[in-house]
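Chain and residue survey
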Amino acid sequence: MAKDNPANKPDAATATVPCRVAAIVVPAQPTTYSASPGTIQFRIQPGTGTIAFDVLNCAVRESNGTVVPINPNATPATLSFPVAKGKSYTFSAAYIVNSNATATLVEDCKGQTFIDDLNALQAAGGRTYPIVVA
Amino acid sequence: MKLKVLFTCGILAFSAAFARAQQQTCDSVARGHVVDYQKAHTAVQANSQDTQAAADENRATMDLKADLNWNGDKVCLVGLILHSKIGGVDVAKQLEAALKAAFQQNGSSTGTGGSTNLVSKGATAELLAIATNYGALTESTSGSTVTIQGTVGGIPTALENNGILPPCSGALIKSCIKNSTINFLNRFSYTVGFDTSQNSQTVSGTASTTSSQGTAQPATFTASGHKLNSATAKVGVIRAPMASATAITEAITKLNRTSPEVAADAKALEAGERLVIHCPQTLINDWMERSISTLTIQDTRDENGFAAAWYGLGPSLIAALEAEPACKANYASDSQAVAAALGAYLVSLNGFFEGLRATPVLSVEYDYNSPQNQPTNSTIRLIGQLNKGSFTGSLNAAGSFYNSKPSTSIPGATRVRDFQIGAEGSYGFGKPVKNAFLGTSTASLAYYYQDQTSPAILNVTPGQPLSGITITGLPSNATQVYAQRGVINVGQAKFTWIPSKLNINFPVSVTWSNRTELVTGPVWRSQIGISYDFDSLFSR
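Residues numbered from 1 in each chain as written. Chains lettered and ligands numbered in written order. Predicted model: local features only at pLDDT ≥ 70, side-chain atom pairs only at ≥ 80, totals over all residues.

Attention now moves to unusual backbone geometry. All names here are of chain A. Within the chain, N100 stands out as a residue other than glycine whose phi angle is a positive 65°. Inspection of the secondary structure puts N100 in the loop between β9 (95–97) and β10 (102–107). Residues other than glycine seldom take positive phi values, yet Q112 does so here, at roughly 50°. With respect to the element layout, Q112 can be found in the loop between β10 and β11 (114–119). Residue Q112 is classed as partly exposed on the basis of its 16 C-beta neighbours within 10 Å. (Helix = DSSP H or I, 4+ residues; strand = E, 2+ residues; numbered from the N terminus. Buried ≥ 20, exposed ≤ 12 C-beta atoms within 10 Å, placed from the backbone.)

Here it is in structure tokens:
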């Protein structure tokens with residue numbers, strides 16, 4: 001399954017891009033993410049089965065509700081969007097999953113920053129990632 | 001009544017929230033994260049300089065947090081809420097009530113004479129009517145023939161899509177239909193063709209007496225109904241494997257906003273957003289932290305004990321939600337709405353992935369044919385198919401039988417009508433070429449062999465001409481005519497031009513046969529057609 005999936009292979013171009021996102025884990029708070037300004041690209045690293053972005057239902061919003069456009073070249077495996085200094089964003093990810101699939105959401109950059117473990121059971125309901133840009 | 005049904009369906013459908021598969025359940029996923037956490041935590045305790053262990057502990061903590069907050073796992077939290085809320089409700093009875101209500105709501109179909117007749121014919125027809133109303137069947141009309149086709153699994157799928165039947169949850173509901181069951185039922189497909197041109201019966205009259213010489217004669221009338229043209233039942237014995245990851249990715253890329261999967265996902269996400277608006281994350285932050293503390297001290301080797309600990313989190317979650325009046329007023333109905341929408345989404349996803357499978361490798365088909373003016377016959381066919389890249393090869397072998405013994409006055413006529421073998425090779429240009437002019441065009445060559453062991457028989461009614469056939473010199477008392485039996489060879493070359501972006505098909509074919517069932521001379525035919533997909537106008 002994972003063998004012939006192009007999403008298995010890190011993009012040659014982005015593999016050298018410095019990472020922008022880091023997780024902030026504090027007690028009694030859901031995990032949030034800090035980021036540096038620029039374009040953030042997320043990628044689904046396949047495990048078993050299929051978990052893919054439902055790109056048409058993915059959304060990025062600023063804290064004031066303004067919709068941030070997702071790169072129109074988004075694919076089922078990767079998508080990117082710009083973030084600006086001093087702003088907060090919510091990335092609402094929607095997924096297409098098949099039974100028992102697993103995958104990892106990473107930032108597509110040099111080092112492949114871990115963002116989230118995905119499984120079919122939980123990803124079906126969508127996931128939300130709050131991002132604060134320093 | 002309707003509200004009750006919705007409530008019932010909401011509770012029943014929440015099982016979908018757990019129903020990714022039997023192997024993945026909320027408690028088992030959380031247990032896996034606790035295993036990771038405990039292992040990493042122990043390593044960190046043993047060596048605080050172990051950076052890898054610290055990173056693993058951090059990742060496991062993120063996973064556990066995601067299991068227990070709205071940003072991460074709405075599915076399992078909704079499951080916890082509904083699990084705690086339904087308590088001792090008899091789910092099987094609720095399912096029965098939901099089904100009953102659904103069947104009662106199903107009105108008679110309107111439309112063609114054929115479909116009206118379906119509704120009036122008892123249980124099977126009722127099932128077909130329900131299936132049509134809920135989208136389990138596809139109905140097409142060509143000329144005067146209405147064809148209904150579908151798969152056996154289509155009926156429960158349609159009921160699930162409409163929230164009438166719940167998808168399965170191994171955790172709580174036994175009275176449910178698993179995706180694996182639906183996928184098995186989908187191996188069985190059927191096609192039924194009705195001739196609607198003969199809604200009015202053909203009535204034949206025979207004079208009751210020949211002795212009377214008056215201008216008015218008594219007569220006896222008999223009616224001849226002819227509604228069912230053909231029926232086919234097919235079983236996929238060997239299914240094709242799941243589509244490759246590349247094919248799945250390609251199919252996902254082609255989804256648009258009108259695709260059922262995308263639309264169903266949008267509804268599920270909307271339902272989830274409503275729940276979070278009424279019950280913000282801040283209400284459950286403390287509960288999340290307490291729950292992590294509870295779970296991380298569990299013995300993960302005891303699966304049942306861990307599951308009990310997981311579901312034991314439900315009451316305290318509800319207590320946290322009920323602390324806020326706006327949330328208290330809405331969380332139960334919001335949770336049911338999330339579960340119902342997720343159920344529909346999961347069913348549509350199952351259909352999406354199963355639909356990407358290629359045609360079955362080996363199928364067995366039974367055809368019941370009732371051709372106009374011919375005795376009814378049955379055909380049993382074995383269909384093999386091989387897909388190799390852009391090439392598709394098909395091989396058929398079949399035997400055809402008259403359903404009743406032919407008249408002994410027809411020389412050589414037996415119950416065995418004929419044997420058939422057919423082979424076809426087709427090549428799809430879409431995959432390797434990817435050129436706008438050729439698009440997804442296909443070219444194919446086919447050969448068909450039929451050994452008519454019995455002659456073709458036509459039923460005739462004295463005094464009534466056959467449609468499209470003129471027979472001269474027929475005695476007035478003849479009821480059947482038959483043709484010369486023999487071997488039929490048919491060859492066909494076909495090219496279907498399907499240019500990209502035009503949504504138009506142009507099939508062109510040339511067919512040769514050494515004879516037909518009725519005509520013993522060779523026949524050349526060429527066909528050209530055009531079809532336009534009007535759905536494409538509305539899918540952008």
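Now for the interface of chain B and chain A. Counting from both sides, the interface comprises 47 residues of chain B and, opposite them, 37 residues of chain A. Put simply, the parts of the chain that give the side of chain B that touches chain A at least two residues each are α3 (26–46), α4 (51–67), α5 (74–86), α11 (245–253), α12 (260–278), α13 (285–295) and α16 (325–355) of chain B. (Contact = placed C-beta atoms within 7 Å.)

What follows deals with the sheet that holds strand β5 (residues 59–62) of chain A. All names here are of chain A. What the six strands build is an open sheet, ordered β1-β2-β12-β8-β5-β6; its pairing is mixed. Edge strands, defined here as strands with exactly one partner in the open sheet, are β1 (21–24) and β6 (67–68). As judged from the three bridges shared by strand β2 (residues 32–35) and strand β12 (residues 127–133), these two strands associate in the parallel manner. Looking at β12, one finds that S34 is bridged to V132. (Pairing = 2+ DSSP bridges.)

Turning our attention to the pairing of β5 of chain A. All names here are of chain A. Pairing of β5 with strand β8 (residues 88–93) involves four bridges; the strand directions are antiparallel. From the neighbouring strand, E62 faces β8, where its bridge partner is Y89. Linking β5 to β6, which pair antiparallel, is a turn of four residues; within it G65 sits at a positive phi near 95°.

Residues and elements named next belong to chain B. The residue R525 is located in strand β16 (residues 523–528) in this model. By C-beta crowding, R525 is classed as exposed, having 11 other C-beta atoms within 10 Å. Along the backbone, R525 and T511 are 14 residues apart, and their C-alpha atoms lie at a distance of 5.1 Å.

As a further point, take helix α14 (residues 303–311) of chain B. For an α-helix, 3.6 residues make a turn, and residues three or four places apart therefore share a direction. Residues and elements named next belong to chain B. By the burial criterion, the buried members of α14 are F306, A309 and W310. Each buried residue of α14 sits inside an arc of 100° when the element is viewed along its axis, so together they form one side. Along α14, the residues that are exposed and aim more than 90 degrees away from the buried face are N304 and A308. (Arc of directions from axis to C-beta.)

So, on to the sheet that holds β10 of chain A. Picture the strands of a sheet paired through backbone hydrogen bonds; they go either parallel or antiparallel. Residue and element names in this part refer to chain A. Taken in spatial order, the four strands of this open sheet run β7-β3-β10-β11, and their pairing is antiparallel. Two strands bound the open sheet, and with one partner strand each, they are β7 (78–83) and β11. On average, each strand axis in the sheet is inclined to that of its neighbour by 20°, with strand direction left out of account. (Axes fitted to C-alpha atoms, helices over the stretch in contact; angles between N-to-C directions.)

Attention now moves to the confidence of the model for chain B. All names here are of chain B. Chain-level pLDDT for chain B is 77 on average; 72% of the residues reach the 70-or-more range. Element-level mean pLDDT values for chain B span from 29 in helix α7 (residues 113–119) up to 96 in α13. Reported confidences for the modelled complex are a pTM of 0.66 and an ipTM of 0.89. (pLDDT = per-residue confidence, 0-100.)

I51, Y95, V97 and A124 of chain A together with A341, L342 and Y345 of chain B are the most contacted members of the largest nonpolar core, which has 87 residues in total. At 15 residues, the largest contribution of residues to this core is made by α16 of chain B. Residue contacts for Y345 of chain B: discarding those within four places in its chain leaves A124 of chain A together with A264, D265 and A268 of chain B. (Core = buried A, V, L, I, M, F, W, Y, C linked by C-beta atoms within 7 Å.)

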